[in-house]
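Here is what each chain is made of, one letter per residue.
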Amino acid sequence: MKSDSSSSSSLNSRIRLRNNHGVGLSSQDWPPFSRHRYSALSSQEDYRSEEIEEFGPVFLQEPDDAIFSLDSDDKKVIMNCEARGNPVPTYSWLINGTIVDPGGDFRYSLIDGNLIIHNASEAIDNGRYQCRAENSIGSVLSRDALLQFAYLGAFSGRTRGAVSVREGQGVVLMCAPPPHSPEIIYSWVFNELPSFVAEDSRRFISQETGHLYISKVQPSDVGSYVCQVKNTVTNARVLSPPTPLTLKTDGVMGEYEPKIEAHFPQTVLAAKGITVRLECFALGNPVPTITWRKMSGNIPKKARLRKSQAVLEIPNIQLEDSGSYECKAENTRGGTAFRGHLQVYTLPQWISMINDTQLDSGEQLRWECRATGKPRPTYRWLRNGEPLNSQSRVEMVNGELIIHRLQQTDSGMYQCIAENKYGAIYSSAELKILASAPMFSTNPVRLIATVGKDVSLECRPRASPKPRISWRKSDRRVQPSRRIMLLRNNTLRIINSSRSDEGSYVCRAENQFGSAELTTMLLVKEPMRVELNPVRVEVTVGESVVLSCKVTHDPSLDVSFLWLLNNQPLNTQQEGGHFEYIQTQSSTADLMIRSILLKHAGKYGCRAQTSADSVLAEAELLVRGPPGPPGVVIVEEITDTTATLSWSHGVDNHSPITTYNVQARSPVSLGWQTVKTDPEPVTGNMESAMAVELNPWVEYEFRVVAMNGIGTGDPSTPSRAVRTKEAVPSVAPANVRGGNGRRHELVISWEPISEEFQNGEGFGYIVAFRANGTRGWKEKMVTSADSTTYKYRDETFPPLTPFEVRVGVYNNKGDGPFSEVVTVFSAEGEPREPPSEVQAFAISSSEIKVIWKPPNPGPGRPQAYEVSFWKDMEQEETGKKKRTTGNETTLLLTGLEGNTQYLISVKGFNSAGQGPATNLMCPTTSALPFRYLFATVFFKTSKSF
C-alpha cells in the first residue's frame with residue numbers, strides 16, 4: 001500500500017457505537033444513521049473487535065432520593081454512583097449546584113464513584129445531589145437525587161388549657177405537632193394508654209392537620225386527650241401534653257346546622273399512580289352525614305369511602321380522575337358543602353432519545369429528543385456537563401439540536417434534559433468527529449473476469465472526511481466511456497469485458513490528511529460451459545436415476561461443483577442415503593439418486609464455479625407415485641341415510657387418479673370404514689359423491705382416499721362431524737325370550753338395540769303379549785333404550801301359562817317393526833311345599849349328615865336346597881346357612897361344636913324365590929338317626945373322650 005499521509009488521527013481504530021444506556025450493540029442494533037456511517041468507513045477493512053475502544057462515560061447506577069434518620073447510630077450517608085467508560089471515568093459531586101470538595105472537607109470522601117458523608121447534618125447536607133462522571137472523551141451529569149433527614153422533635157412541655165363545651169356542641173382539639181421530617185401519622189389517646197380514640201361518624205382525626213374533631217360532644221367524651229405522632233421513617237413516637245375536655249353546666253346545646261371544619265385543599269396536586277386521600281368532616285347537631293360527588297362525571301369506581309365517609313380514597317390516580325370534587329355535610333337542620341379541584345400531574349417520560357453518533361468534519365449533526373408529561377416538558381442541552389448555548393453554528397428548538405459544519409472540538413458527551421416542575425429525565429449520547437487519512441485493508445487485489453461479462457473494480461478506502469477518488473491503468477488516467485463507468489460509490493465498472501481489458505488498475509484516494517492507492521490486477525478468461533443430462537426425466541417412486549454434469553472451462557482454473565434442489569444446496573447427509581456424489585474426472589460430476597421418493601421431485605441444478613465464473617445448469621426430475629391427499633371434504637347436504645360430499649383434487653403425482661374411495665367413521669364404528677356411494681365407483685375426474693345406506697341419527701365424519709395406477713394415496717383431512725337426520729326405527733329386537741320370575745309373573749327379555757340403529761331421540765320398546773288362544777294384544781311401553789326385560793304380573797293366570805310375545809321399537813318419529821312372535825311361559829313360581837322325611841345323623845363330634853326327600857312334583861320345582869343350622873337357645877337369624885350345588889338331597893354339615901344341641905331347617909329354592917322350610921331338632925345320640933312326626937327335630941352332637 002502506498003500512502004502520502006503525514007499525520008492521522010487514532011480515532012479511526014476506535015470506532016464504537018452504544019445505545020443510550022451504554023450497553024454494547026451489534027452492528028444490527030446500531031441506529032440506522034450510525035450503522036450507515038460505520039459501513040461506509042469500514043466495509044473493506046478487517047475490523048478487529050478485540051481492539052480496546054475508547055468511549056465516553058455511561059452511567060450504570062445513578063443516585064436515588066434518600067431519607068436519612070438522624071437517630072441512626074451510624075452517622076454516615078452513602079450516595080451511590082457508578083459509570084463505565086474507556087478510559088475509566090473519574091467522579092465528582094455537586095450539592096445544590098456547588099462542587100463538593102472532599103479534600104477541603106474531611107466529612108466527605110469518595111470510594112469509586114460513591115460519595116460518603118460522615119457526621120451528616122440536616123442543616124448542611126440537606127439538598128439535591130448530582131454525580132459527574134468524566135474521562136478524556138467527555139463528562140456526563142446524573143439525574144439529581146434529593147437527600148432528606150428524618151427526625152421527630154418533642155412536643156412543647158407547656159401545660160395545655162382545658163377545653164370546656166356544652167353537651168351537644170362540636171369541638172376541635174388541636175395537636176400542634178413538633179418539628180418533624182418527613183410525614184407523620186396522627187392518633188389520639190383518651191385518658192391513658194392504650195385507650196385510643198376510635199373514629200366514627202361523630203369523631204374524626206385529620207391526617208392533614210392532626211386535629212381531633214368531635215361533631216357532637218357527649219358526656220362520655222369528658223376526659224383527658226393526648227395527641228400521639230409517629231414518624232413514618234424512624235417509627236419514633238412522641239406524646240403531647242394532655243388536653244382536658246369538660247362539660248359546661250349552663251345547659252345543653254340545641255340542634256344546629258353542619259359546619260365543615262376539616263376539608264381538603266382548594267387545589268390538590270397529585271402525581272399519577274399514587275393514592276389520593278380527600279378529607280371532609282363537619283361539626284353539627286344532629287351528627288352530620290357526609291356525601292361526595294364529582295362535578296363533571298362520576299366518582300371513579302376504584303374509589304373507596306373511609307372513616308364513616310369522611311375520607312374519599314382514590315388509588316392509582318390517573319389523568320382522567322382529575323376534576324372538581326365536592327363533599328356535602330347534612331343533618332335535619334340544614335347542609336353545607338365544600339368544593340376543590342384535583343389536578344393530576346405526570347413526570348416526563350421519553351418518547352425518543354438521542355443515540356451515539358459518528359460524523360465527518362464539516363457534516364451536520366441533527367439530534368432530536370421527545371418526552372411526554374403534564375405539564376408539557378421543556379428541553380435543555382448539556383455538553384460535557386455544561387449548558388450548551390445557541391451560537392452561529394448551534395440551534396436548539398423544542399428538543400431538537402442542530403450543529404452545522406461540525407468541527408473536531410464538537411466531539412464529546414451530550415445530554416438532552418426534559419423537565420417540568422415535578423421532575424427531569426436525562427438522555428446521553430457521544431458525538432465523535434472522525435478525521436483520518438485514506439487507508440486500504442488489502443492491497444493489491446487480484447480479480448478474474450469472464451469474456452463478455454460485466455466486471456466491477458471496487459475502491460472503498462477508510463477515510464474521514466470522504467476522499468477524492470481517481471483511477472488509472474498503466475500510468476494512464478481511466479476516462480469514462482459508454483463501456484467504462486465510474487459509479488457514485490467510486491467503483492469502476494467495465495461492461496462486456498474482453499481480453500484487451502486485462503491489466504493493472506490503480507485507485508487513488510486523497511483528502512487533507514493524506515492519500516493511499518489500491519492496485520487491482522484484472523485477468524479476463526474465456527467463459528465456462530456446463531451441460532446437465534438428462535434435462536428432463538420421469539421416474540416412479542422406488543426407482544433410481546443418475547444426473548451427469550459436464551464442464552468445459554479454461555484449464556488454468558480449478559473448478560468446483562455444487563448441487564442444488566429447488567435452488568437450495570443439497571445436503572446428502574440429511575437425505576438418508578438417497579443421494580451420492582460421484583466425480584469421475586476434474587470436469588465431470590454425477591449425482592446418483594437411489595430409491596426415489598415423491599419429495600425428491602423438483603428442479604436440480606449443477607453449479608460449476610471457478611475463480612472467474614459461476615455457471616448453473618438445470619434439469620427437471622418428475623416422480624410418479626400414489627396420489628396426494630384430496631382437499632378437505634365438505635358435507636353439502638345430509639338426510640337420514642345419505643350425505644352429499646364434495647372435495648377438491650389433490651396432486652396426482654404424474655399418474656392420473658382413477659378412483660376415489662369414500663370412508664366414514666362414527667362413535668360406534670371400528671375406525672374408518674368404506675361406505676357405499678352413488679355413483680359407484682367414484683371415478684378420478686369427480687369431485688363429489690353421495691354416501692348412501694347410512695344409519696339415521698348417527699354422527700359421522702367423512703374422508704376421501706385417491707387411487708391411481710401406482711397405488712393408494714394418503715386420506716384427506718376428515719370433514720366436520722355431522723349427524724344424519726332422524727327416522728323411524730328399522731331394526732326390531734332380536735332373541736326375544738322369557739322365563740323365570742315369581743309366581744303369577746310373565747318375564748319377557750330381549751337383546752337391546754344399539755345406539756347405531758335407534759334412528760333418533762326418544763327411543764324405547766313396545767312389549768306386546770297375549771295368552772294363547774286369545775285375540776287382543778296387551779301393549780306396554782318401555783321408555784329406556786337400555787332396557788332388556790319387562791315383567792308383567794297377574795294373579796289370575798296359573799304357573800307355566802303359554803303366551804304369544806313380540807317386542808317392537810319406537811322413537812320420536814314413530815313406531816318401528818316388531819320382532820317375530822315367540823311363545824313364552826309364565827313363571828312357575830317359588831317352591832310351594834317343604835322337603836319331606838328330613839333326617840339327621842351325627843357322624844362325629846363336629847359333623848352332622850342331613851338327608852331329605854324332595855317335595856311332590858308340580859309347579860315351583862326346587863333348583864337347589866338350603867340348610868340352616870343354629871345352636872339351641874339361639875335365634876335362627878344368628879345361625880349359619882349352607883346350600884347344595886343342585887338337586888342333591890343330602891348335605892354334610894362340618895365344623896360343629898361337640899356335645900352341642902343344634903336346630904336344623906331345610907328349604908328348597910329356585911330363581912323365583914325360596915319355599916317353606918322343614919325344621920329338625922336333634923338330641924344327643926351315638927350317631928343314630930331320630931325322626932319325629934312333628935315339624936321340629938332336635939339333635940345333639942356326640943362328645944369324644
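Residues numbered from 1 in each chain as written. Predicted model: local features only at pLDDT ≥ 70, side-chain atom pairs only at ≥ 80, totals over all residues. Heavy atoms only, no water.

Named according to an unreviewed UniProt entry, the protein is Contactin-5 originating from Cyprinus carpio carpio. Under the UniProt heading Subcellular location (unreviewed entry), the note attached to the protein is "Cell membrane". Quoted verbatim from the Sequence similarities (unreviewed entry) heading of the UniProt record, the comment on the protein is "Belongs to the immunoglobulin superfamily. Contactin family." (UniProt positions renumbered as here; feature names shortened; annotations may be inferred.)

**Q** What should I look at first to understand the overall build of the protein in this one?
**A** When helices and strands are tallied, the protein shows two helices and 83 strands. For 945 residues, the compact-globule estimate of 2.2 N^0.38 gives 30 Å, and the C-alpha radius of gyration of the protein, at 54 Å, exceeds that figure by more than 25%. Along the three orthogonal principal directions, the C-alpha set of the protein runs to about 145 × 125 × 75 Å. A burial count over the protein gives 44% of its 945 residues as buried. For the protein, the share of sequence-separated contacts (at least 6 apart) that also reach a separation of at least 24 residues comes to 65%. Accessible surface for the protein amounts to roughly 47,900 Å². Of this, 48% is attributable to carbon and sulfur atoms. Of note, the protein has its 101 positive side-chain charges centred 2 Å away from the centre of its 104 negative side-chain charges. (Helix = DSSP H or I, 4+ residues; strand = E, 2+ residues; numbered from the N terminus. Rg over C-alpha atoms; globule rule 2.2 N^0.38 Å. Buried < 20%, exposed > 50% of the residue type's maximum accessible area, 1.4 Å probe, protein only. Contact = heavy atoms within 4.5 Å. Areas by Shrake-Rupley, 256 points an atom, 1.4 Å probe, with all protein chains shown as cover. Lys, Arg positive; Asp, Glu negative; His and termini not counted. Charge placed at Lys NZ, Arg CZ, Asp CG, Glu CD.)

**Q** Which parts of the structure should I look at to understand the environment of alanine 842?
**A** Counting through the fold element by element, alanine 842 comes out in strand β76 (residues 836-844). Residues alanine 842 and leucine 892, spaced 50 residues apart in sequence, show a C-alpha to C-alpha distance of 9.9 Å.

**Q** Help me understand the UniProt feature "domain: Fibronectin type-III" (unreviewed entry) in the protein, please; the structure alone is not making it clear to me.
**A** UniProt's feature table lists "domain: Fibronectin type-III" (unreviewed entry) at residues 629-727, 732-829 and 834-929, given in the numbering used throughout. Between the C-alpha atoms that bound residues 629-727 there is a distance of 34 Å. The span itself is 0% helix and 44% strand. Helix makes up 0% of residues 732-829 and strand 50%. Its end C-alpha atoms lie 30 Å apart.

**Q** Help me understand the UniProt feature "domain: Ig-like" (unreviewed entry) in the protein, please; the structure alone is not making it clear to me.
**A** In this numbering, the UniProt entry assigns the feature "domain: Ig-like" (unreviewed entry) to residues 57-142, 165-240, 258-343, 348-432, 438-519 and 527-622. Helix and strand shares over residues 258-343 are 0% and 62% respectively, and the end C-alpha atoms of the span are 28 Å apart. For residues 527-622, the helix share is 0%, the strand share is 58%, and the end-to-end C-alpha distance is 31 Å.

**Q** Please explain the nonpolar core as it appears in this structure.
**A** The tendency in soluble globular proteins is for nonpolar side chains to be buried as a group. Core analysis: the largest hydrophobic core is formed by 27 residues, its most contacted members being Trp563, Ile593, Tyr604 and Leu621. It is strand β57 (residues 614-624) that provides the largest number of residues to this core, a total of five residues. In this structure isoleucine 593 touches Glu543, Ser544, Val545, Leu547, His578, Phe579, His600, Tyr604 and Leu621, once residues within four positions along its chain are discounted. Within the second largest apolar cluster, 23 residues are counted, among which are Cys81, Ile95, Ile117 and Cys131. (Core = buried A, V, L, I, M, F, W, Y, C linked by side-chain atoms within 4.5 Å.)

**Q** What exactly am I supposed to notice about the side chain of arginine 132 here?
**A** Of note, arginine 132 is situated in strand β10 (residues 127-134). Taking relative accessible area as the criterion, arginine 132 reaches 11% and is therefore assigned buried. In terms of polar contacts, arginine 132 uses its side chain to reach the side chain of glutamate 386, at 3.4 Å. Ignoring sequence-local partners within four residues, the contact set of arginine 132 consists of Thr90, Tyr91, Ser92, Ser139, Val140, Leu141, Asn384, Gly385 and Glu386. (Polar contact = N/O pair within 3.5 Å; in protein donor to acceptor, adjacent residues only side chain to side chain.)

**Q** Mind showing me how you'd approach the state of the cysteines here?
**A** Here a disulfide denotes one covalent bond, and it connects the sulfur atoms of two cysteines. Applying the stated criterion across every chain, the model contains six disulfides. Paired by a disulfide, cysteine 369 and cysteine 416 hold their sulfur atoms 1.8 Å apart. Looking along the S-S bond of the cysteine 369-cysteine 416 disulfide, the torsion reads about 50 degrees, which is the right-handed sense. On the criterion of sequence distance, the pair formed by cysteine 369 in the loop between β31 (365-368) and β32 (370-374) and cysteine 416 in strand β37 (residues 412-420) is long-range, its members being 47 residues apart. With relative accessibility at 0%, the residue cysteine 369 sits in the buried group. (Disulfide = S-S within 2.5 Å.)

**Q** In this structure, what is going on with a nonpolar patch on the surface? I would like to understand it.
**A** Judged by side-chain polarity, Leu193, Phe196 and Leu239 come together as a nonpolar surface patch covering roughly 270 Å² of accessible area. Within the secondary structure, phenylalanine 196 sits in the loop between β16 (184-190) and β17 (203-205). (Patch = residues over 30% accessible without salt bridge, like charges linked within 9 Å, V, L, I, M, F, W, Y side chains within 5 Å. Salt bridge = Lys/Arg side-chain N within 4 Å of Asp/Glu carboxyl O.)

**Q** Please explain the sheet that holds strand β68 (residues 734-738) as it appears in this structure.
**A** Consider a sheet: its strands pair through backbone hydrogen bonds, and that pairing is either parallel or antiparallel. Spatially, three strands are ordered β68-β69-β72 in an open sheet, and the strand pairing comes out antiparallel. Every interior strand has two partners, whereas the edge strands, β68 and β72 (789-793), have only one. Taking each pair of neighbouring strands and ignoring which way they run, the sheet shows an average axis angle of 15 degrees. Bridging between strand β69 (residues 745-751) and β72 involves five bridges; their strand directions are antiparallel. Considered in β72, the bridge of glutamate 745 is made with arginine 793. (Pairing = 2+ DSSP bridges. Axes fitted to C-alpha atoms, helices over the stretch in contact; angles between N-to-C directions.)

**Q** Sorry, what's going on with unusual backbone geometry here?
**A** The phi torsion of most residues other than glycine is negative, and most of the peptide bonds are trans. Cis rather than trans, the peptide bond between serine 181 and proline 182 has omega equal to -10 degrees. Its location among the elements puts proline 182 in the loop between β15 (180-181) and β16. Each neighbour pair has its own omega, and for serine 464 with proline 465 the value is 0 degrees, a cis peptide bond. Mapped onto the elements of the fold, proline 465 is located in the loop between β42 (462-464) and β43 (468-473). Despite not being glycine, serine 308 has its phi angle at roughly 55 degrees, a positive value. For serine 308, the position within the fold is in the loop between β26 (304-306) and β27 (311-314). With relative accessibility at 41%, the residue serine 308 sits in the partly exposed group.

**Q** Got a minute to help me understand the environment of serine 411 in this structure?
**A** Note that serine 411 resides in the loop between β36 (400-403) and β37. Once the C-alpha coordinates of serine 411 and glycine 373 are considered, the two residues, 38 residues apart in sequence, prove to be 31 Å apart. At a separation of 3.1 Å, a polar atom in the side chain of serine 411 contacts the main-chain amide nitrogen of isoleucine 433.

**Q** Any chance you could explain the pairing of strand β71 (residues 778-782) here in plain terms?
**A** Each regular strand displays side chains that alternate between the two surfaces of the sheet. In the sheet, strand β70 (residues 764-771) pairs with β71 via five bridges, with the strands oriented antiparallel. Residue alanine 768 lies in a different strand from β71, and its bridge partner there is glutamate 779. Hairpin connection between β70 and β71: a loop of six residues separates the two successive antiparallel strands, and glycine 773 in this loop has a positive phi of roughly 90 degrees.

**Q** Explanation requested: the pattern of salt bridges in the structure shown.
**A** A side chain with one charge may pair with a side chain of the opposite charge, provided their charged atoms come close. Evaluation of the coordinates by the stated rule reveals 42 salt bridges. The residue glutamate 313 makes a salt bridge to arginine 306 at a minimum N-O spacing of 3.3 Å. Residue arginine 306 is classed as partly exposed on the basis of its relative accessible area, which comes to 38%. Because the salt bridges share partners, they merge into one network encompassing Arg277, Glu279, Arg306 and Glu313.

**Q** Hey, could you run me through the packing of aromatic side chains in this one?
**A** Pairs of aromatic rings are described using the distance from one ring centre to the other and the angle between the two planes. Within the structure shown, the criterion is met by 20 aromatic pairs. Considering the side-chain rings of tyrosine 700 and phenylalanine 702, the 5.8 Å spacing of their centres and the 25 degrees angle between planes classify their relative orientation as stacked. For tyrosine 700, a relative accessible area of 8% corresponds to the buried category. Taken together, a centroid distance of 4.7 Å and an interplanar angle of 50 degrees make the contact between phenylalanine 769 and tyrosine 792 tilted. Pair noted here: phenylalanine 769 is in strand β70 and tyrosine 792 is in strand β72, with a separation of 23 residues, a long-range link. Taken individually, phenylalanine 769 and tyrosine 792 each receive the classification buried, so the pair is uniform in this respect. Members of the aromatic cluster, joined through ring pairs, are Phe769, Tyr790, Tyr792, Phe797 and Phe803. Directly above the ring of tyrosine 108 sits arginine 107, whose terminal nitrogen or CZ lies 5.0 Å from the centroid. For arginine 806, the ring lying beneath its charged end belongs to tryptophan 777, and the centroid distance is 4.6 Å. (Phe/Tyr/Trp six-rings, centres within 6.5 Å; stacked < 30°, edge-to-face > 60°. Lys NZ or Arg CZ within 6 Å of the ring centre and 35° of its normal.)

**Q** I tried to follow the pairing of β16 on my own but got confused; where do I start?
**A** Most of β16 is tucked away: six of the seven residues are buried. In this structure, β16 lies alongside strand β19 (residues 223-231), joined through seven bridges in antiparallel fashion. By the bridge assignment for β19, valine 189 is matched with valine 226.

**Q** Even after reading the chapter, I still don't get the sheet that holds strand β52 (residues 560-565), so can you show me in this structure?
**A** Taken together, five strands build an open sheet; the order of strands is β50-β57-β56-β52-β53 and the sheet is mixed. Looking at which strands have only one partner, the edges of the open sheet turn out to be β50 (536-540) and β53 (568-569). Sheet topology note: the strand β56 (residues 602-609)/β57 ladder contains eight bridges and is antiparallel. Bridged to alanine 608 within β57 is valine 615.

**Q** Got a minute to help me understand the side chain of serine 181 in this structure?
**A** Summarising the element assignment, serine 181 is placed in strand β15. What makes serine 181 buried here is its relative accessible area of 13%. Apart from residues no more than four positions distant in its own chain, serine 181 is found in contact with Phe149, Ala150, Tyr151 and Asn231.

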